[in-house]
Amino acid sequence: MKRKIFLLILSVLMMTACGHDASDIITKISSESDNISDTYTTKEYEAETEVPTETETSPTVTASVTFAEASPIPKEIDMSQYSENAVLLTGQDIFISTSYGYNDESRITSWLVFNEEQLVDLPESYHAILTDDYPEKYPLGDYVYVIEQENYSSGGYSCEAGGLLIDGEKMFFVDTEDSRATEPEEPVPEVMTGFTYFAAVPSKYFDMNIQYAGWTVPNTNDYTQSSLYFTGAGYVDDAGLLEKLPLKNYSAENDEEFELLAAAVDNTDFSNILRGNGHAPSLDDCTLFVVVFDRESTDYANEIKTSMYTDGKVCLSFNITHSDHKTTGSGIVYAYIPKEFLNENSVSGWAKLTS
C-alpha cells in the first residue's frame, strides 16, 4: 500500500537525455496494465448533521459530521512522528467511504479534485464511485475530493479507510484496525482485488500553495495523465549495447523506425523491453524515446520522468540505484508520449535510425 513506509534509496545518480539541460522535471509516473472492473460496491458513512466549523485563518465552512457509532475508526498511529500541525481526520470530521472493485484503467491512482472542471477531467472509471448527490452534499469549492485506488493481484485483502492524515505536503488514507493484508506464503484466491477510498474534506484543511506529494490534480492537457502515456525500464546481460547504440538516446516515431532500432541491437530482450512486454501503446498514437546506459549487475533505474520544454523538446530523466557488484550489463529506460502533445521540435536532439 502507498501508506507503507518505503526504504530510502541510499545512492542515486540522475541520468538525463534531452535537447536541453533537464532543469525542470515533472510528475513521478509508473506504468501499469490496463484492466478495469465495471462493478463497484461502496461502504459509505452518511452525515446525520451539519455544523459550522470556524478557524481563525479560514472562512466558515460547513463540515459534514458522521455519527460516532457507525463511523469507521482508523488504526492507532503514533502522531509524534509527524509535525505539530498534522491532523488525523476521521469519519466524525469528514465524509469518507470505501468502494470495492478492481480498477486499473488509469496509471495514476491518487487524485485531488478542487473544482468542477477538474472533476470532469477525472478518469471516467473513478466517476463510478461518485453518486449524483455528492456535488450537492459536498460542493466543490467548499470541499476537496480525495480519491485513492489500491489494486492487488490476488484476493485475501480486506481494506477500509478509517481516516485521512494531512501533514504539510504529506497526505495518506489510514486503514481501520479491521483492515488486513495477506501474509507471506498465505494461500490466496486467484482474483484481482481493488479498493477505492473517497473523502470529501472541507477545503480549509488544504493549502493551495502546497503540491501534495504523490497526489495528482486531473488535467487532460497534461500529457502524463493521458491513458497512452507509458514509461518503463529493463535490463539485459549484453554489456555492448552502447557500442551498438553509441549515441545513448534515440527516438522512434513509427514501427519502421522501431524495427531499425531493434535490428541494430539484435537482442530479443531489448525489443521486448521497449514494447513493455506487449503492454506499450501503438506507435501510430505515440512516439518512443529511449535511453541506454551501462549498468552493474544489480543497478536499477527508478523515478523515471519526462519533461517538455515550451518549444516542444522532450527530456527523459531517471535515477540509478548503485550496487557494489562489478558484473556489467546494459539498462534501457523509455517513454511513449502521445503524438497529439508533440511537435516537430520534440525529437530534436534524439538520434533516429533510418534505412
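Further up the page is the structure itself.
Description of the structure in this document. (Residues numbered from 1 in each chain as written. Predicted model: local features only at pLDDT ≥ 70, side-chain atom pairs only at ≥ 80, totals over all residues. Heavy atoms only, no water.)

1. Some points on the environment of Leu-283
Along the chain, the position of Leu-283 falls in the loop between helix 6 (268-274) and strand 16 (286-296). A relative accessible area of 1% places Leu-283 in the buried class. Leu-283 sits 54 residues away from Ile-337 along the chain, and the two C-alpha atoms are 9.4 Å apart. Here Leu-283 is in contact with Ala-252, Glu-253, Asn-254, Asp-255, Phe-258, Arg-275, Leu-288, Tyr-336 and Lys-339, once residues within four sequence places are set aside. (Helix = DSSP H or I, 4+ residues; strand = E, 2+ residues; numbered from the N terminus. Buried < 20%, exposed > 50% of the residue type's maximum accessible area, 1.4 Å probe, protein only. Contact = heavy atoms within 4.5 Å.)

2. Overview of helix 5 (residues 255-265)
Taken together, the buried positions of helix 5 are Glu-257, Phe-258, Leu-261, Ala-262 and Val-265. Mapping the buried residues of helix 5 onto a view down its axis gives an arc of 135°, with all of them on the same face. Pointing more than 90 degrees away from the buried face of helix 5 are the exposed residues Glu-256 and Ala-263. Sitting at the head of helix 5, Asn-254 places a side-chain oxygen 3.2 Å from the backbone nitrogen of Glu-256. Asp-266, located one to two residues past helix 5, shows a positive phi value of around 55°. (Arc of directions from axis to C-beta. Polar contact = N/O pair within 3.5 Å; in protein donor to acceptor, adjacent residues only side chain to side chain.)

3. Here's the deal with the nonpolar core
Judged by nonpolar contacts, the single largest core of 24 residues is most densely connected at Phe-270, Leu-274, Leu-288 and Tyr-336. At the level of elements, strand 14 (230-236), helix 4 (241-244), strand 15 (249-252), helix 5, helix 6, strand 16 and strand 19 (328-338) are the ones that each hand at least two residues to this core. Leu-288 has contacts with Tyr-250, Ser-251, Ala-252, Phe-258, Leu-274, Leu-283, Tyr-334, Ala-335 and Tyr-336, leaving out every residue within four places of it along the chain. Counting residues in each nonpolar core, the second largest holds 20 residues, with Leu-112, Phe-173, Phe-195 and Ala-199 among its members. (Core = buried A, V, L, I, M, F, W, Y, C linked by side-chain atoms within 4.5 Å.)

4. Here's the deal with the pairing of strand 19
The buried fraction of strand 19 is high, at 10 of 11 residues. Where strand 14 lies against strand 19, 7 bridges are found, and the strand directions are antiparallel. Across the sheet, residue Gly-232 finds its bridge partner in strand 19, namely Tyr-334. (Pairing = 2+ DSSP bridges.)

5. Observations regarding the sheet that holds strand 6 (residues 87-90)
One open sheet holds the 3 strands; their spatial order is 6-11-12, and the pairing between them is antiparallel. For this open sheet the edge positions go to strand 6 and strand 12 (170-175), each flanked by a neighbour on one side alone. Along the sheet, successive strands turn relative to each other by an average axial angle of 25°, direction set aside. In this structure, strand 11 (residues 161-167) lies alongside strand 12, joined through 6 bridges in antiparallel fashion. What sits directly across from Leu-164, in strand 12, is Phe-173. (Axes fitted to C-alpha atoms, helices over the stretch in contact; angles between N-to-C directions.)

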